[in-house]
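Chain by chain, the residues:
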Amino acid sequence: MKRKKILIIGAGVAGHMVADEILKLLSGYEIAGFIDDDSGKLGTDYHGIKVLGNRFRIVELTEKLAIDEILIAIPSATAATIQSLIEKCEKARVRFKIVPGIFEIVQGRVKLQQIREIQPEDLLGREKVRIDTGTVKKQLRAATVLITGAGGSIGSEIGRQLLRFKPERLLLLDRSE
C-alpha cells in the first residue's frame, strides 16, 4: 500500500504537534517535510523531518515530492496569510486542510480528528460570531428598524434576515436603486 505523502505548513508548536500525532497514529502517512517562512528554521529538523523552504516553494515542492495533501498548522496566522497559503495550495492542485485555532493548541487539545477543511472564519481572521436569536427577537419585536442602502445586495439581505425576527416596522431606504 502506497503511503500518503504530507507536507506540513508551519514548523512551530502546532506543526510539531500534528507531526507527533501522525507519527504515532497513522502508519499509512509519510511526512515529507515542513514549510515555514522563518528563514532561521530552514534546514532544521524535527524527528528527522526537515524544514524544506518557505511558502513560495509550495508548488515546486508539492510537484517534486509528489505530495498528496498539505496540512496548514499555523493557528496564529492572519486571514491574509491563510488566503495566500490557500492560493498556493490551489495552484499546486493538492488537497489541503487546516489545524484549529490557537486556543485548542494552548490547551494541548490538537488531535488528528480536529484537522478540517478550510472554513469561512479561517479567512476572516476571527472566530465566527454567534447570535443569541432569542434576545434579538425580543429586542426587535416592538422596534422600528431602518436599513439604509437597502437596494444593494448587502442591504437587501439584511432586510430579508431581519424579517424572521418580525420587527414592528421595517423601513428600507436607498437613494440609487
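See the structure printed just above.
Analysis parameters
Residues numbered from 1 in each chain as written. Predicted model: local features only at pLDDT ≥ 70, side-chain atom pairs only at ≥ 80, totals over all residues. Heavy atoms only, no water. Buried < 20%, exposed > 50% of the residue type's maximum accessible area, 1.4 Å probe, protein only. Helix = DSSP H or I, 4+ residues; strand = E, 2+ residues; numbered from the N terminus. Pairing = 2+ DSSP bridges. Contact = heavy atoms within 4.5 Å. Core = buried A, V, L, I, M, F, W, Y, C linked by side-chain atoms within 4.5 Å. Salt bridge = Lys/Arg side-chain N within 4 Å of Asp/Glu carboxyl O.

(A) Up close: the pairing of strand β7 (residues 144-148). Residue alternation in β7 divides its side chains into a buried set, V145 and I147, and an unburied set, T144, L146 and T148. One ladder, built from five bridges, connects β7 with strand β8 (residues 169-173); its direction is parallel. When the bridges of β8 are listed, L146 appears paired with L171.

(B) Representation of the side chain of K88 within the structure. Tracing the backbone through its elements, the reader meets K88 in helix α3 (residues 79-92). Residues within four places of K88 in sequence aside, it is in contact with R55, F56, I58 and V59.

(C) Structural detail: unusual backbone geometry. Positive phi is not limited to glycine here, since H47 has a value of about 50°. Structurally, H47 is set in the loop between β3 (45-46) and β4 (49-53). Despite not being glycine, K166 shows a phi value in the positive range, around 55°. Residue K166 is classed as exposed on the basis of its relative accessible area of 58%.

(D) Main features of the nonpolar core. Among the nonpolar cores identified, the biggest contains 17 residues, and I9, I35, I58, I70, I72 and I82 are the most heavily contacted of them. Taken together, the elements giving at least two residues each to this core come down to β1 (4-9), α2 (58-64), β5 (69-72), α3 and β6 (95-98). It is α3 that provides the largest number of residues to this core, a total of five residues. Every residue in contact with I9, bar those within four places of it in the chain, is listed here: I35, I58, I70, L71, I72, A73, I74, L85 and C89. Listed in part, the 15 residues of the second largest apolar core include I8, A14, V18 and I49.

(E) How the structure looks around the environment of F56. If you trace the backbone, F56 turns up in the loop between β4 and α2. Sequence separation between F56 and K88 is 32 residues; the distance between their C-alpha atoms is 7.9 Å.

(F) Inspection of the pattern of salt bridges at higher detail. Applying the stated criterion to the full structure yields seven salt bridges. Between E157 and R160 there is a salt bridge, with the nearest N and O atoms lying 3.1 Å from each other. In this pair, E157 and R160 both sit in helix α7 (residues 153-163), three residues apart, roughly one turn of the helix.

Honestly, it's all geometry; don't read function into it.
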